[in-house]
Amino acid sequence: MKLTLSLLASGTLSVSAFTGSSPLAFAPASISRSSSTALNASKNKQKIASRTKWAESRGFGESTAIAESEATAGLMTNDDGLEYVKLVHPETGATSEVYLFGGVVTSYVDGDGQEFIAVRPDAKMDGSKPISGGLSHCWPQFGPGEIQQHGFARNVNWTVKSMTDTSVELEMAPSDYTKEMWDKEFLCTFSVDLEADQLSTKMFVENKGEESFDFQAALHSYFTVSALDNLEISGSFEGKEFLNKLAGDGGEMQTEERSAITITEEYDRVYTGVNDPVLNDKGTGKTLSVLNTAGWEDTVLWNPYGDEGMGYNNFVCVESVKFDPVTLEGGASWTGDMALKPGSIE
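Residues numbered from 1 in each chain as written. Predicted model: local features only at pLDDT ≥ 70, side-chain atom pairs only at ≥ 80, totals over all residues. Heavy atoms only, no water.

*Asks:* Describe the overall build of the chain, and please don't skip the residues or the numbers.
*Replies:* Secondary structure summary: the chain contains four helices and 21 strands in total. Counted over contacts in the chain with a minimum sequence separation of 6, partners at least 24 positions apart contribute 68%. In the form shown here, the chain has an accessible surface area of approximately 13700 Å², with 45% of it arising from carbon and sulfur atoms. (Helix = DSSP H or I, 4+ residues; strand = E, 2+ residues; numbered from the N terminus. Contact = heavy atoms within 4.5 Å. Areas by Shrake-Rupley, 256 points an atom, 1.4 Å probe, with all protein chains shown as cover.)

*Asks:* Please set out the pairing of strand E7 (residues 159–163) residue by residue, giving values where relevant.
*Replies:* Bridge count between E7 and strand E8 (residues 167–172): four bridges; the pairing is antiparallel. Within E8, the residue paired with Met-163 across the bridge is Val-168. The turn joining E7 and E8, which pair antiparallel and follow one another in sequence, is formed by three residues. (Pairing = 2+ DSSP bridges.)

*Asks:* Tell me what's going on with the confidence of the model for the chain, and back it up with residues and numbers.
*Replies:* Of the residues in the chain, 80% have a pLDDT of 70 or more, and the chain-wide mean is 86. Taken as a whole, residues 6–48 scores under 50 in pLDDT and shows 119 contacts with residues more than four places along the chain or in a different chain. Low pLDDT, under 50, characterises residues 60–69; the predicted model gives this stretch 20 contacts beyond four residues in sequence or across chains. (pLDDT = per-residue confidence, 0-100.)

*Asks:* Let's hear about the pattern of salt bridges: which residues, and what values?
*Replies:* Per the counting criterion, the structure on display carries eleven salt bridges. In this structure, the salt-bridge partner of Asp-337 is Lys-202, at a minimum N-O distance of 2.8 Å. With Asp-337 in strand E21 (residues 333–344) and Lys-202 in strand E10 (residues 199–207), this pair connects stretches of sequence that are 135 residues apart. A residue is classified by how much of its surface remains accessible, and Asp-337, at 17% relative accessible area, is buried. One salt-bridge network, in which partners are shared between bridges, spans Asp-110, Asp-112 and Lys-286. (Salt bridge = Lys/Arg side-chain N within 4 Å of Asp/Glu carboxyl O. Buried < 20%, exposed > 50% of the residue type's maximum accessible area, 1.4 Å probe, protein only.)

*Asks:* I'd like a description of the environment of Val-205, backed by residues and values.
*Replies:* Structurally, the position occupied by Val-205 is in strand E10. Here Val-205 falls in the buried class, since its relative accessible area comes to 0%. For the pair Val-205 and Trp-334, spaced 129 residues apart in the sequence, the C-alpha separation amounts to 5.1 Å. Excluding residues that lie within four positions of it along the chain, Val-205 makes contacts with Trp-139, Leu-187, Cys-188, Phe-215, Leu-328, Ala-332, Ser-333 and Trp-334.

*Asks:* I'd like a rundown of the nonpolar core, residues and numbers included.
*Replies:* Residues Trp-139 and Leu-340 are the most contacted members of the largest nonpolar core, which totals 61 residues. Membership of the second largest hydrophobic core comes to nine residues, among which are Tyr-99, Phe-101, Val-119 and Ala-123. (Core = buried A, V, L, I, M, F, W, Y, C linked by side-chain atoms within 4.5 Å.)

*Asks:* If you had to explain empty space enclosed by the protein to someone new, which residues and values would you point to?
*Replies:* The full count for this structure, using the stated rule, is one cavity of 30 Å³ or more. The volume enclosed by the largest cavity comes to roughly 30 Å³. Around the largest cavity, the lining residues are Phe-101, Gly-102, Val-104, Pro-130, Ile-131, Ser-136 and Arg-154. A class-by-class count of the residues in the lining of the largest cavity yields four nonpolar, two polar and one charged. (1 Å grid on protein atoms, 1.4 Å probe; cavity = no way out; pocket = protein on both sides within 12 Å on 5 of 7 lines; lining within 4 Å. Points joined across faces, edges and corners; volume = space filled by probe spheres on them. Nonpolar A, V, L, I, M, F, W, Y, C, P; charged D, E, K, R; others polar.)

*Asks:* Tell me what's going on with the state of the cysteines, and back it up with residues and numbers.
*Replies:* Note: disulfide means a covalent bond formed between the sulfur atoms of two cysteine side chains. Throughout the structure, instances matching the rule amount to zero disulfides. Distance from the sulfur of Cys-138, which forms no disulfide, to the nearest cysteine sulfur (Cys-317) is 9.5 Å. When its relative accessible area of 1% is taken as the criterion, Cys-138 is described as buried. (Disulfide = S-S within 2.5 Å.)

*Asks:* Give me the lowdown on the packing of aromatic side chains, citing residues and values where you can.
*Replies:* Geometrically, a pair of aromatic rings is defined through the distance of the ring centres and the angle of the planes. Taken as a whole and assessed by the stated rule, the structure comprises 21 aromatic pairs. Aromatic side chains Trp-158 and Phe-190 sit 6.5 Å apart centroid to centroid with 70° between the ring planes, which places their arrangement in the edge-to-face category. Here the residue Trp-158 occupies a position in the loop between strand E6 (135–138) and E7, and Phe-190 occupies one in strand E9 (residues 186–194), the gap between them amounting to 32 residues. Phe-190 shares its class with Trp-158; the two are buried. Relative to Trp-334, the ring of Phe-215 has its centre 5.6 Å away and its plane inclined at 75°; by these criteria the two rings are edge-to-face. Of this pair, Phe-215 sits in strand E11 (residues 213–224) while Trp-334 sits in strand E21; the two residues are 119 residues apart in sequence, bridging distant segments of the chain. (Phe/Tyr/Trp six-rings, centres within 6.5 Å; stacked < 30°, edge-to-face > 60°.)

*Asks:* Give me the lowdown on the sheet that holds E21, citing residues and values where you can.
*Replies:* With antiparallel pairing, the nine strands of this open sheet are ordered in space as E7-E8-E9-E10-E21-E18-E17-E12-E15. Each of the sheet's edge strands pairs with one partner strand only, and the pair in question is E7 and strand E15 (260–261). With eight bridges joining them, E10 and E21 adopt antiparallel strand pairing. Among the inter-strand pairings, Lys-202 is bridged to a residue of E21, identified as Asp-337.

*Asks:* Tell me about unusual backbone geometry, and please be specific about residues and values.
*Replies:* For the bond from Trp-139 to Pro-140, the omega torsion is 5°, close enough to zero to count as cis. Position of Pro-140 among the secondary structure elements: in the loop between E6 and E7. Its identity is not glycine, yet His-150 carries a phi of approximately 65°, on the positive side. Structurally, His-150 is set in the loop between E6 and E7. On the basis of relative accessibility, which here comes to 0%, the residue His-150 falls in the buried class.

*Asks:* Which residues make up the pairing of strand E2 (residues 72–77), and what values do they have?
*Replies:* Across four bridges, the pairing between E2 and strand E3 (residues 83–88) is antiparallel. Looking across to E3, one finds that Met-76 is bridged to Tyr-84. The antiparallel pairing of E2 with E3 creates a hairpin that spans five residues between the two strands, and Gly-81 there sits at a positive phi of about 95°.

What follows is the structure, encoded as structure tokens:
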């Protein structure tokens, strides 16, 4: 499973394509908890207008967006039968949605009603394939390799270990399905905390066996964009080497000369050693800092420029990645901490 940039550059391998079908039927969870949160009435119209757009992109109607103005936390079910946990902050009215299928965060709306997480218009929200969007897990493999593309974490059902109105902890353990392709004694816990000013996540991987195993990990994160023309991605990119998967014959290593990235063509680039990206959207006047404080060492930028069916002009993937494989000894653990912190363009 060990992949290096040089190996990827030697062949036509796509680290970011999302394909495949789920072999598992969805099993309803047994945990349900809810509480009502009244939002500031002066913000209702703004929130409803903002949420109508992303609600419709997820297969919900306008009534769902209106319901968001009186958001309730707890375990919910979408129109296609998939369960998700709704988080609501009691003070700011910020919300988040976390699907049990794939353990994927599909929404983060701040207290101003701005949605930051994108789900593609062609996404399947019925469990028939991995959800194309959100903060999607690539584990225990990133891209192609010895097992299926991006591993299996994104197309199995995670279980709810604990939850409150503002946090949820999901768990993924080995199953007959996972053991058929990767017979390791692991336990993955994914925590999401909706704070007043940010959304915090933690990926915690444990080796429950005696033998060591290697893995890669990524959050294949889709973020909303008012339009690509309005977007700049800043961070410590300038002077860094990256793998441009779309250059040459199967990809080539290049050096980034820009301090801020703009997307004007199809992108599939692996920036090793860059983990401090900030999205600046002049269309919304908002910034979004991706705070990778532990584990996530690299960044992948991906966009299918020109693909109208995927809705290319309204999202960009800025992925938090641990590209070089982690060797986890028996009884050891690994942590990936990532938070999303909104701000304003000054």
